[in-house]
Amino acid sequence: MIEICHVSKRYPQSGTNALDDVSLTIESGAFFGLLGPNGAGKTTLISILSTLLLPSAGEIRIDGETLGRRRGDIKRKLALITQHNSLRSDMTLDQIMELQGRLYGIPQERILRRREELLAFCALTGHRNKTVRRLSGGMKRKLMLCRALLTDPEILILDEPTIGLDPASRRQMWDLLRTLNRQGLTILLTTHYIEEAESLCQRVALIDQGRVARLDTPENLIRLLGPVAVDVFAGDHTQSAFFPDKEAALAYAGGRSEPILLRRTTLEDVFLTQVGRGLEAV
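Residues numbered from 1 in each chain as written. Predicted model: local features only at pLDDT ≥ 70, side-chain atom pairs only at ≥ 80, totals over all residues. Heavy atoms only, no water.

Draft legend 1. Here's a closer look at the nonpolar core. Residues Leu143, Leu145, Leu156, Leu177 and Leu267 are the most contacted members of the largest nonpolar core, which totals 48 residues. Considering every element that reaches this core, the biggest residue donor is helix H5 (residues 137-149), with 7 residues. The contact partners of Leu143, leaving out residues within four places of it in the chain, are Leu87, Leu93, Ile96, Met97, Leu124, Val132 and Leu135. With 25 residues, the next largest nonpolar core counts Ile2, Leu19, Val22 and Ile62 among its residues. (Core = buried A, V, L, I, M, F, W, Y, C linked by side-chain atoms within 4.5 Å. Buried < 20%, exposed > 50% of the residue type's maximum accessible area, 1.4 Å probe, protein only. Helix = DSSP H or I, 4+ residues; strand = E, 2+ residues; numbered from the N terminus. Contact = heavy atoms within 4.5 Å.)

Written out as structure tokens, the structure is:
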């Protein structure tokens, strides 16, 4: 279990409050999403979870123990995959996995066994002797996942895991992450692809200006906004209205002279009306 307890982060030089009294509980085995516009505080929170940054106030507890830079026993429970490629381009897949295992003091026999399991799990076995520079974007992301899983973490933190991937590679990554979560791995995800969070996450927190604006399941957030949407194309902008059922939506649409679209409400609509910047909600 991850307990984020009244965490704040202030940068004295700029006077910026990147996080302001954030409290969240993420149960073991959950698939949890952090959503928010640029500058909302998501990356700061991820950096504190990975101990790259220290909070100005509050604390984070993992299974009841306070997380800190000197708590190697707790830190080994977590693995972070950053949004930027952090792989050595001149190394092969086997070499990447070997290096990771040695850095963490994993016995050689276990490195070899886990390497085979993980490369097979991510369908990378046939590419094991290629250097990283010869891999596609999707293969690199899967290799970063293999490297993170080599240490057998209990919690996997993903910062924009599918950024820059084509739709097919993105769906492949989704399938891998769903499988890992079904096997009991706790996953914390940040993403700008709102449909990704809607598809994968059991609960999401909408972060805005360093605070938690909303916290619930995607289904509940959509239901509270209204599960049926009407988009009205008014000149150079789109207005969206949300309704509890199709009958109410049709009654509203029938009185409009502009072009309209009747559709299902998505988590992206919730994001835009609550913390996003873009569409105008009616």
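On we go from here.
Draft legend 2. Representation of the layout of surface pockets in the model. By volume, the largest pocket is sized at about 420 Å³. Around the largest pocket sit 20 residues that line it, and Leu78, Ala79, Leu80, Gln100 and Tyr104 are the ones nearest its centre. For the lining of the largest pocket, the secondary structure elements donating two or more residues are strand E6 (78-81) and H5. Of the residues forming the lining of the largest pocket, the biggest block, 4 residues, is contributed by E6. Looking at the lining of the largest pocket residue by residue, the classes come out as 11 nonpolar, 6 polar and 3 charged. Of the voids in this model, the second largest pocket is the one considered here, and its volume is about 170 Å³. If you trace the second largest pocket, you find it lined by Arg114, Leu118, Phe121, Leu149, Asp152, Pro153, Leu180, Gln183, Gly184 and Leu185. When residues of the lining of the second largest pocket are assigned to their parent elements, the largest contribution, 3 residues, is made by helix H4 (residues 108-121). The residue inventory of the lining of the second largest pocket, partitioned by class, reads 6 nonpolar, 2 polar and 2 charged. (1 Å grid on protein atoms, 1.4 Å probe; cavity = no way out; pocket = protein on both sides within 12 Å on 5 of 7 lines; lining within 4 Å. Points joined across faces, edges and corners; volume = space filled by probe spheres on them. Nonpolar A, V, L, I, M, F, W, Y, C, P; charged D, E, K, R; others polar.)

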